[in-house]
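Structure at a glance
Now for the letters of each chain:
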Amino acid sequence: MSDTDKVFAGSIPKIYDEYLVPMIFSVYAEDIARRIAARSPSVLLEIAAGTGAVTRAVAAALPRGIRYVATDLNEPMLAVAAQRQKDDDRISWRQADASALPFGDTEFDAVCCQFGAMFFPDRTKAYAEVKRVLKPDGTFVFNVWDRIEDNVLTHEATVALGKLFPDDPPRFMVRTPHGYHDRDVIRADLERAGFRDISIETRAETSRAPSPEYVALALCQGTPLRGEIEARDASTLQAATDIVAEAIRTRHGAGPVEGKIQAVVIEARP
């Protein structure tokens with residue numbers, strides 16, 4: 001993973017929240033919310049909360065009286081999340097590294113994380129931290145993206161950008177968001193961290209966007225893919241966005257766009 005893969009700053013958090021969250025994240029946030037609500041936690045931790053897609057879904061599914069701590073390594077992302085979730089005194093926001101959680105042992109009934117594990121430099125270390133802060137009967141619920149070929153629009157965007165930069169194609173999407181999907185590897189990482197009761201399932205959904213231009217803006221300018229494009233030639237960001245839009249338009253038409261998305265959903269207990 002490149003150092004730039006974790007940079008969610010500048011205009012990225014706002015575009016990410018306004019475009020990418022409804023396009024691909026909301027449907028999986030609702031899935032995590034259902035799983036968490038079924039466990040009726042009193043004290044809940046979220047790691048890698050991003051701009052709060054899961055936070056909003058989980059908060060809506062849980063009653064008053066709970067305590068919910070939402071964390072992320074990137075303060076600009078967390079600032080957007082906090083601004084979106086005003087006036088909910090159940091939730092506290094905290095900048096935190098998933099590999100060194102600033103909480104006591106056995107403090108939480110459940111820990112959740114949406115599409116964050118792919119960004120952890122040492123996943124076993126992060127999972128061990130989750131196990132440490134979980135109560136003995138607690139549950140860790142998280143998801144990761146499946147291989148890029150099972151995520152149609154992102155795959156098409158990556159292929160289009162490869163044609164624009166044939167000598168050095170941007171590989172952020174393949175390398176990081178879609179780079180940690182091997183079920184055996186995930187299970188082994190969790191087991192090394194001390195988890196024993198592990199369930200892993202594949203969940204396919206449909207991504208929807210109002211136009212090809214929307215898809216292109218979300219992917220090229222609302223993720224660290226933007227940094228990869230600009231590192232090759234800062235003047236080509238809009239051209240790259242336009243090329244992706246044209247590729248999506250060619251395959252899906254000029255109107256509303258739909259494409260398969262697929263994730264791996266994991267529940268683990270000590």
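These notes cover the structure that comes with them. (Residues numbered from 1 in each chain as written. Predicted model: local features only at pLDDT ≥ 70, side-chain atom pairs only at ≥ 80, totals over all residues. Heavy atoms only, no water.)

Some thoughts on the pattern of salt bridges
This model, assessed by the stated rule, comprises 32 salt bridges. Each member of the salt-bridge network shares a partner with another, and the members are Asp31, Arg34, Arg35, Arg39, Asp197, Glu201, Arg203, Glu205, Glu267 and Arg269. (Salt bridge = Lys/Arg side-chain N within 4 Å of Asp/Glu carboxyl O.)

Structural notes on the pairing of strand S4 (residues 108-114)
Within S4, six of the seven residues are buried, leaving the element largely enclosed by the surrounding structure. The pairing of strand S1 (residues 43-46) with S4 spans three bridges and is classified as parallel. Residue pairing for S4: Leu45 is matched across the bridge by Val111. (Buried < 20%, exposed > 50% of the residue type's maximum accessible area, 1.4 Å probe, protein only. Helix = DSSP H or I, 4+ residues; strand = E, 2+ residues; numbered from the N terminus. Pairing = 2+ DSSP bridges.)

Things to note about the side chain of Asn151
You can see Asn151 is positioned in the loop between strand S5 (134-145) and helix H5 (152-164). Here the side chain of Asn151 touches Gln262 through a polar contact of 2.9 Å, landing on its backbone nitrogen. When residues no more than four places from it in sequence are discounted, the contact partners of Asn151 are Trp145, Asp146, His178, Lys260, Ile261 and Gln262. (Polar contact = N/O pair within 3.5 Å; in protein donor to acceptor, adjacent residues only side chain to side chain. Contact = heavy atoms within 4.5 Å.)

Structural notes on the packing of aromatic side chains
Applying the stated criterion across every chain, the model contains 13 aromatic pairs. Where Tyr127 meets Phe142, the ring centres are 5.5 Å apart and the plane angle is 40°; that geometry is what we call tilted. Residue Tyr127 is found in helix H4 (residues 123-133), and its partner Phe142 is found in strand S5; the two are separated by 15 residues along the sequence. Judged by relative accessible area, Phe142 falls into the buried class, the value being 0%. Taken together, the aromatic side chains of Tyr16, Phe25, Tyr28, Phe115 and Trp145 make up a single cluster linked through ring pairs. Across from the ring centre of Tyr180, 3.9 Å away, lies the NZ or CZ of Arg123, which sits over that ring. (Phe/Tyr/Trp six-rings, centres within 6.5 Å; stacked < 30°, edge-to-face > 60°. Lys NZ or Arg CZ within 6 Å of the ring centre and 35° of its normal.)

A closer look at the environment of Ala234
Considering the arrangement of structural elements, one finds Ala234 in the loop between helix H9 (225-232) and helix H10 (237-252). Counting along the chain gives 221 residues from Ala234 to Pro13, while the straight-line C-alpha distance between them is 19 Å.

So, the sheet that holds strand S2 (residues 67-72)
Read from one edge to the other, the open sheet built from seven strands follows the order S3-S2-S1-S4-S5-S7-S6, with strand pairing classed as mixed. Strands with a single pairing partner mark the edges of an open sheet, and in this sheet they are strand S3 (91-95) and strand S6 (197-209). Each strand axis lies, on average, 20° off the axis of its neighbour in the sheet, ignoring direction. Note that S1 and S2 share four bridges and pair parallel. Across the sheet, Val43 pairs through a bridge with Arg67, a residue of S2. (Axes fitted to C-alpha atoms, helices over the stretch in contact; angles between N-to-C directions.)

Here we look at the packing of helix H1 (residues 12-37) against helix H2 (residues 53-61)
Direction vectors running N to C along H1 and H2 enclose 40°, while the axes themselves pass 7 Å from each other. What the angle tells us is that H1 and H2 run oblique. As for the relative orientation of H1 and H2, their crossing is right-handed in sense. The segment H1 lies against H2, with Asp17, Val21, Ala29, Glu30, Ile32, Ala33, Ile36 and Ala37 engaging Ala53, Val54, Arg56, Ala57, Val58 and Ala61. Residues that form the contact of H1 with H2 fall into these classes: eleven nonpolar, no polar and three charged. (Parallel < 35°, antiparallel > 145°, perpendicular 65-115°, else oblique. Left-handed = near helix turned anticlockwise from the far one by under 90°. Nonpolar A, V, L, I, M, F, W, Y, C, P; charged D, E, K, R; others polar.)

Looking at the packing of H1 against helix H3 (residues 75-84)
Remark: H1 packs on H3, axes separated minimally by 9 Å, with the N-to-C direction vectors making an angle of 45°. The orientation of H1 with respect to H3, classified from their angle, is oblique. H1 and H3 meet at a crossing whose hand is right-handed. The segment H1 lies against H3, with Pro13, Tyr16 and Asp17 engaging Pro76, Met77, Val80 and Arg84.

By themselves, these figures tell us nothing about what the structure is for.
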